[in-house]
Amino acid sequence: MWFLKSENQIFNFLSTTKDFLIGLIFPKICLSCGVSGFSLCPKCQGKIKILKTDICIYCGKISPRGKICQNCRRKSSLTGVIVAAKYSGIIKKSIHQLKYDGNTELLQPLGKILIKKFSDSRISGQIIATSVPLHLTRKNTRGFNQSELLGKYMAKEVGVRYEELLKRIKSTESQIKFHRYERIDNLKGAFKAETKNLSGKKIILVDDVCTSGATLEACAKELRRAGAREVWGLVLAHGN
Ligand SMILES: [Zn+2]
Ligand SMILES: [Zn+2]
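The structure displayed is predicted, hence computed values, not measured ones. (Residues numbered from 1 in each chain as written. Chains lettered and ligands numbered in written order. Predicted model: local features only at pLDDT ≥ 70, side-chain atom pairs only at ≥ 80, totals over all residues.)

Kindly report on the overall build of the protein chain, identifying the contributing residues and their values.
Each helix and strand in the protein chain was counted, giving nine helices and seven strands. Here the C-alpha atoms of the protein chain give a radius of gyration of 19 Å, agreeing with the 18 Å that 2.2 N^0.38 yields for 240 residues. Taken along the three principal axes of its C-alpha coordinates, the protein chain extends 65 × 40 × 40 Å. A burial count over the protein chain gives 35% of its 240 residues as buried. Contacts in the protein chain between residues far apart in sequence, at least 24 positions, make up 69% of those at least 6 positions apart. (Helix = DSSP H or I, 4+ residues; strand = E, 2+ residues; numbered from the N terminus. Rg over C-alpha atoms; globule rule 2.2 N^0.38 Å. Buried ≥ 20, exposed ≤ 12 C-beta atoms within 10 Å, placed from the backbone. Contact = placed C-beta atoms within 7 Å.)

Here it is as structure tokens:
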């Protein structure tokens, strides 16, 4: 580009062009009410109901902070699953648009919801945040892993360490068509902990959506094997 004199100018030109092109694809219209200037306007952000009552995701029993209840405890490696909202309405639409349309502008409003719920849960101690990994093939196709972006954003804002602790070593079929027990089977051997030294650590495992809990469970099992003391799932939404 003859009119650009320095590397800096080239960089600025390219990033302005990128923003311009993204603006053409996503003309920043609120996905819920259509007002312009936002991907999700503040008013609609405010309409997302953050869950006030926490439950054990396996049996639905009320359980503070989403702790796995006494009855479900035996068969679970998870300490609990902290759920910000029900998977429906505006939040469902936002997650879809982030994931499948690549509208990463939604990371911030969604990340804020995650942070709010996490702060309310008051988990403290030696925390390391991580996220459910995508298989490399899927990540390359999508260009990003939404759970990783959410996890990093959350960790930075609340001041906890973020580490990639897991690797997805098996590319599994989409989980949607399977029942709960089939889901667990389908995920056998799918994840591997990258480190063997997590003893005494509390892990916050971030994912966008939790359906049956099978994915979080498979990850938690590996993290426990690596010595983690507690593994908390932290998800934006729970449901189908
Ligand atoms: Zn709106
Ligand atoms: Zn339970």
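With reference to specific residues and values, describe the environment of T16.
Summarising the element assignment, T16 is placed in helix α1 (residues 7–25). What makes T16 exposed here is the crowd of 10 C-beta atoms within 10 Å. Along the sequence, T16 and Q126 sit 110 residues apart, while their C-alpha atoms lie 41 Å from each other.

Run through helix α5 (residues 107–121), naming residues and quoting values.
Along its 15 residues, α5 runs 21 Å from first to last C-alpha, staying within 8% of the 21 Å computed at 1.5 Å per residue. Turning to α5, its buried residues are P109, L110, G111, I113, L114, K117 and F118. Along its buried surface, α5 packs onto α2 (42–47), β1 (80–86), α4 (89–100), α7 (146–158) and β7 (230–238). R122 sits one or two positions beyond α5 and adopts a positive phi of about 50°. (Expected span 1.5 Å × (residues − 1).)

Can you tell me about the nonpolar core, naming the residues and giving the values?
Formed by 54 residues in total, the largest nonpolar core has its most connected members in L205 and L236. Mapped onto this core, the elements with two or more residues apiece are β1, α4, α5, α7, β5 (191–193), β6 (202–210), α9 (214–225) and β7. Once you skip the residues sitting within four places of it in the chain, L205 turns out to touch T130, S131, V132, L216, C219, A220, V231, W232, G233 and L234. (Core = buried A, V, L, I, M, F, W, Y, C linked by C-beta atoms within 7 Å.)

Tell me what's going on with the pairing of β1, and back it up with residues and numbers.
With six of its seven residues buried, β1 lies for the most part within the structure. Summarising the sheet, β1 and β7 pair through six bridges and their orientation is parallel. Following the sheet pairing, I82 is matched in β7 by L234. (Pairing = 2+ DSSP bridges.)

Account for the packing of α5 against α7, with residues named and values stated.
Relative orientation of the contacting elements α5 and α7 amounts to 55°, with a least axis distance of 9 Å. Taken together, α5 and α7 sit at an angle that is classed as oblique. Two packed elements cross with a definite hand, and for α5 against α7 that hand is right-handed. Residues L107, L110, G111, L114, I115, F118 and S119 of α5 form the contact with α7, whose own contacting residues are L149, L150, Y153, M154, E157 and V158. (Axes fitted to C-alpha atoms, helices over the stretch in contact; angles between N-to-C directions. Parallel < 35°, antiparallel > 145°, perpendicular 65-115°, else oblique. Left-handed = near helix turned anticlockwise from the far one by under 90°.)

Give a detailed account of the sheet that holds strand β3 (residues 161–162), specifying residues and quantitative values.
Read from one edge to the other, the open sheet built from five strands follows the order β1-β7-β6-β2-β3, with strand pairing classed as parallel. Each edge of the open sheet carries a strand with a single partner, namely β1 and β3. Relative to β6, strand β2 (residues 127–131) runs parallel, the two being bridged by five bridges. In the sheet register, I127 faces β6, and the bridge partner there is K202. Relative to β7, α4 is tilted by about 100°, and along the sheet it contacts β1, β6 and β7.

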